[in-house]
Amino acid sequence: MSTTLARRAVAAVLGLASAFALAACANPSDGGTTEVAAAKGGTTKINLSPDQNRVTTAKVDSIAARVPAEIRKRGTLEIVNSSGSAAPLTFRATDNKTVIGAETDIAHLVADVLGLEPHINTVSWENIFVGLDSGRYDVGFSNITVTEERKEKYDFATYREDNLGFEAKKGSGLKIAGPADVAGRTVAVSSGTNQEKLLVEWSEENEKAGREPVDIKYYQNDSDTYLALQSGRIDLYLGPHPTAAYHAATTGRTEVVGTYSGAGATLQGLIAATTKKGNGLAEPLADALNQVIENGTYAKVLERWGLSTEAVTSSRINPPGLPRTNK
């Protein structure tokens, strides 16, 4: 990783670690909340209930007018996200039905600007892309990383930095900075993600260097993954850094032992609203995101979920992404 990216990764770790330092567990009598220490001191109460009282913003007619006519006529923005539990990005509220999280809040803000009713569709990870390909869904807000391969089929409007986190059992003594640190280790990762791509390439790099490959494991859900981590069946879990930091803080049983940019060693990864290529929605999405960045509601959402350190200063359409070969 370059010196600049290394410094940013360390800053992200420190910022999220402080933001997610656990102060109190979920409190059912309080409607379902968790308190975490805020980066600027004091505590931030995270609302886990279905009554979210989300941050809202006003419609901007000039941006809404650029939404493709078919979507404007329908009146809804068909948003797709992953059914996997990934707090604080996308997960279920205390009613085990309502989808909440930073991704959902940002999607709602964008729909506000576009003057559309947000309709959340929750599906398995691979079906996000199947649904975008078929036109069933307009846009994905699901921690989707910009990659050069994906840019062949999809358009992107960025809204958050993408940092990955290696999570280990607390007290493991592990420190992960590069391929050599995972040689011979058993590491869990989700299939079809850029985390998997990075891990596979690190494993291949280890073999070429005469080191042991990574023993890569896949589990059906997070609970199985964390059970394997606690029992010692795996050494590490590689996933989105916000999820790893939140889980470590709220359980006290794991710790983040390394971070890496989601776009590789020389490029800061970016998370983006994802649409079918050429469907005409990328530009109004980026304009809407820039509107909420400028009016401050975007910052309020990130602060609400403890993700202020991953903020971007503007939304970009189809910027450089994770290379086909992650070197």
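Everything below is about the structure shown above.
Predicted model only: the values in this text are computed from it and were never measured.

**Student:** Sorry if this is basic, but what is going on with the overall build of the protein here?
**Tutor:** Along the protein, the regular secondary structure elements total 10 helices and 14 strands. Here the protein, with 327 residues, has 53% of them falling under the buried criterion. By sequence separation, contacts in the protein at least 24 residues apart represent 75% of the contacts at least 6 residues apart. Accessible surface computed for the protein: about 13,900 Å², of which carbon and sulfur atoms make up 49%.

**Student:** What's the story with the packing of helix α4 (residues 102-114) against helix α10 (residues 297-304) in this structure? I'm lost.
**Tutor:** Geometrically, a packed helix pair is captured by the angle between its two axes and the distance between the axes. Relative orientation of the contacting elements α4 and α10 amounts to 165°, with a least axis distance of 9 Å. By the criterion of interaxial angle, the relationship of α4 to α10 is roughly antiparallel. Crossing of α4 against α10: the hand is right-handed. Touching A102, D105, I106 and L109 of α4 are T297, Y298, V301, L302 and R304, all from α10. Along the lines of polarity and charge, the residues of the contact of α4 with α10 split into 6 nonpolar, 1 polar and 2 charged.

**Student:** What should I look at first to understand helix α5 (residues 125-134) in this one?
**Tutor:** Spacing of three or four residues puts side chains on the same side of an α-helix, whose turn is 3.6 residues. Listed as buried for α5 are W125, I128, F129, G131 and L132. Seen from one end, α5 has its buried residues packed into an arc of 160°, which puts them on one side. Exposed side chains of α5 directed beyond 90 degrees from the buried face belong to E126 and S134. Against the buried residues of α5 lie β4 (76-82), β7 (117-123), β8 (139-140), β9 (154-169) and β14 (269-276). Phi turns positive, to about 85°, at G135, one or two residues after α5.

**Student:** Got a minute to help me understand the side chain of Q230 in this structure?
**Tutor:** Looking at the secondary structure, you find Q230 in helix α7 (residues 222-231). In contact with Q230, not counting residues within four places along its chain, are K169, R253 and T254.

**Student:** Sorry, what's going on with the environment of T122 here?
**Tutor:** Secondary-structure assignment places T122 in strand β7. Measuring from C-alpha to C-alpha, the distance between T122 and S142 comes to 9.7 Å, with 20 residues separating the pair along the chain. In contact with T122, not counting residues within four places along its chain, are N81, S82, S83, R92 and V99. One polar contact links T122 to N81, side chain to side chain, over a distance of 3.1 Å.

**Student:** Would you take a moment to explain the pattern of salt bridges for this structure?
**Tutor:** When charged atoms on two side chains of opposite charge get close, those side chains can pair. Scanning all chains against the criterion turns up 13 salt bridges. Here R160 and E310 are joined by a salt bridge, their closest N and O atoms 3.0 Å apart. With R160 in strand β9 and E310 in the segment after α10, the pair connects residues that are 150 residues apart, well separated along the chain. Here the two residues R160 and E310 agree in accessibility, since each one is buried. A network of salt bridges, in which partner residues are shared, links R54, D105 and R304.

**Student:** I would appreciate a short explanation of the packing of α4 against helix α9 (residues 282-295) in the present structure.
**Tutor:** Two numbers describe how α4 lies on α9: the axes approach to 9 Å, and their chain directions differ by 105°. As judged from the angle between their axes, α4 and α9 are roughly perpendicular. Side by side, α4 and α9 meet where I106, L109, V110, V113 and L114 of the first sit next to P284, L285, A288, L289, Q291 and V292 of the second. Residue composition of the contact of α4 with α9, grouped by class: 10 nonpolar, 1 polar and no charged.

**Student:** How should the pairing of strand β12 (residues 236-240) be read in this particular structure?
**Tutor:** Here β12 lies mainly inside the structure; 5 of its 5 residues are buried. Pairing analysis gives 4 bridges linking β9 to β12, with the strands arranged antiparallel. Looking across to β12, one finds that E167 is bridged to Y237. The pairing of strand β10 (residues 186-188) with β12 spans 2 bridges and is classified as parallel. When the sheet's bridge partners are listed, V187 is paired in β12 with L236.

**Student:** Is there a simple way to explain unusual backbone geometry in this structure?
**Tutor:** Keep in mind that most residues, glycine aside, have a negative phi and that most peptide bonds are trans. In this structure, P88 follows A87 across a cis peptide bond, with omega equal to 5°. Within the secondary structure, P88 is located in the loop between β4 and β5 (91-92). Even without a glycine there, the phi angle at N143 is positive, about 55°. By secondary structure assignment, the location of N143 is in the loop between β8 and β9. For N143, a relative accessible area of 13% translates into the label buried. Positive phi outside glycine occurs at N318, with the angle close to 50°. Examined against the element boundaries, N318 turns out to sit in the segment after α10.

About the cut-offs
Residues numbered from 1 in each chain as written. Predicted model: local features only at pLDDT ≥ 70, side-chain atom pairs only at ≥ 80, totals over all residues. Heavy atoms only, no water. Helix = DSSP H or I, 4+ residues; strand = E, 2+ residues; numbered from the N terminus. Buried < 20%, exposed > 50% of the residue type's maximum accessible area, 1.4 Å probe, protein only. Contact = heavy atoms within 4.5 Å. Areas by Shrake-Rupley, 256 points an atom, 1.4 Å probe, with all protein chains shown as cover. Axes fitted to C-alpha atoms, helices over the stretch in contact; angles between N-to-C directions. Parallel < 35°, antiparallel > 145°, perpendicular 65-115°, else oblique. Left-handed = near helix turned anticlockwise from the far one by under 90°. Nonpolar A, V, L, I, M, F, W, Y, C, P; charged D, E, K, R; others polar. Arc of directions from axis to C-beta. Polar contact = N/O pair within 3.5 Å; in protein donor to acceptor, adjacent residues only side chain to side chain. Salt bridge = Lys/Arg side-chain N within 4 Å of Asp/Glu carboxyl O. Pairing = 2+ DSSP bridges.

Any functional reading would require information beyond the geometric quantities listed.
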